[in-house]
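Observations on the three-dimensional arrangement
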Amino acid sequence: MKILTVNVHAWLEENQMEKIDILARTIAEKQYDVIAMQEVNQLMNNKIIFDDIREGNYAWVLLETLQKYTDTDYYLHWSNSHIGFGKYNEGVAVITRHKIKAEDEFYCTFAQSVRTISARRIVSITINYEGQDIEFYSCHMNLPNCETEDMGKNIQTILNRTQNNNLKILMGDFNTDAIGNKKDYENILAQGLFDTYTMAEKKDNGITVDKNIHGWDNDKAQNG
């Protein structure tokens, strides 16, 4: 199985369409089974296409671009988490090339209003892969020092969402410096999780943020 997780920082990047094209080609070439994305934005006032998805929804544009590079059908589950930068529905999404058996969306945080930046919505899908039902969760967590939320309890809310023996794979942006702040990183693992990076036989240097970005303005290299 091949999985990919990426904070796409939707519509806040320079050369955005060029980057979408690169991501679409990469997904097609690598044949990822599941892709989890965060900061999957859409303008709040755009016309609705269907359900809650509006014109210009990043994930929808990515799917349309992906069709240029593959005949494989991909399935999308997206949900709005909160208002971003005063004009976006900032959401999370999962894309898969497997039939979705079940899907879900819920807040893992105490805050549960789109008008509250600390409100964090989770989307999940269940697929059957080689005879095994597996649950995938796209997560965009608050910073560990968020005064109104508790990372451990938020993760437990995710893990306790379903009561079964399915393998649960939490993907996404945990907003945690695993290299510079071991305590916060270890708190995440203490919830009963395994880090697939440390388990991997082949790995890179583990750095996922290598420049100053919004939320990590004072950091030059962080692991999220």
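Scoring rules and cut-offs
- Residues numbered from 1 in each chain as written.
- Predicted model: local features only at pLDDT ≥ 70, side-chain atom pairs only at ≥ 80, totals over all residues.
- Heavy atoms only, no water.
- Pairing = 2+ DSSP bridges.
- Helix = DSSP H or I, 4+ residues; strand = E, 2+ residues; numbered from the N terminus.
- Right-handed = clockwise from strand over helix to strand, strands pointing away.
- UniProt positions renumbered as here; feature names shortened; annotations may be inferred.
- Salt bridge = Lys/Arg side-chain N within 4 Å of Asp/Glu carboxyl O.
- Buried < 20%, exposed > 50% of the residue type's maximum accessible area, 1.4 Å probe, protein only.
- Polar contact = N/O pair within 3.5 Å; in protein donor to acceptor, adjacent residues only side chain to side chain.
- Contact = heavy atoms within 4.5 Å.
- Phe/Tyr/Trp six-rings, centres within 6.5 Å; stacked < 30°, edge-to-face > 60°.

On to the pairing of strand S1 (residues 3-7). Pairing geometry for S1 and strand S2 (residues 34-43), over five bridges, is parallel. When the sheet's bridge partners are listed, Asn7 is paired in S2 with Gln38. Chirality of the crossover, the property in question, places the unit of S1, helix H1 (residues 16-30) and S2 among those that are right-handed.

What follows deals with the UniProt feature "domain: Endonuclease/exonuclease/phosphatase" (unreviewed entry) in the chain. When the UniProt feature table is mapped to this numbering, "domain: Endonuclease/exonuclease/phosphatase" (unreviewed entry) covers residues 19-177. With 19% helix and 41% strand, the stretch residues 19-177 has end C-alpha atoms that lie 25 Å from each other.

Counted according to the given criterion, the structure contains eight salt bridges. As a salt-bridge pair, Lys68 and Asp21 come within 3.4 Å of each other at their nearest N and O atoms. Separated by 47 residues along the polypeptide, Lys68 in the loop between helix H2 (58-66) and strand S5 (75-84) and Asp21 in helix H1 bring together distant segments of the chain. Overall, the relative accessible area of 58% leaves Lys68 in the exposed class. A relative accessible area of 17% places Asp21 in the buried class. Glu135 is paired through a salt bridge with Lys168; the nearest N and O atoms lie 3.9 Å apart. Taken as a pair, Glu135 in strand S9 (residues 132-140) and Lys168 in strand S10 (residues 167-173) lie far apart in primary sequence, 33 residues in all. Each of Asp21, Arg25 and Lys68 takes part in a single network of salt bridges with overlapping partners.

What follows concerns the side chain of Ser79. Within the element layout of this structure, Ser79 appears in strand S5. Accessibility expressed as a relative area gives 4% for Ser79, which makes it buried. Here Arg121 takes part through its side chain, which lies 2.8 Å from a polar atom of the side chain of Ser79. Aside from chain neighbours lying at most four places away, what touches Ser79 is Gly91, Val92, Glu105, Arg121 and Val123.

Once that is clear, we can look at the packing of aromatic side chains. Summed over all chains, the structure comprises three aromatic pairs. Residues Trp11 and Tyr58 carry aromatic rings whose centres are separated by 5.9 Å and whose planes lie at 65° to one another, so their mutual orientation is edge-to-face. Placement of Trp11 in the loop between S1 and H1 and of Tyr58 in helix H2 is noted, with a sequence separation of 47 residues between them. Judged by relative accessible area, Tyr58 falls into the buried class, the value being 3%.

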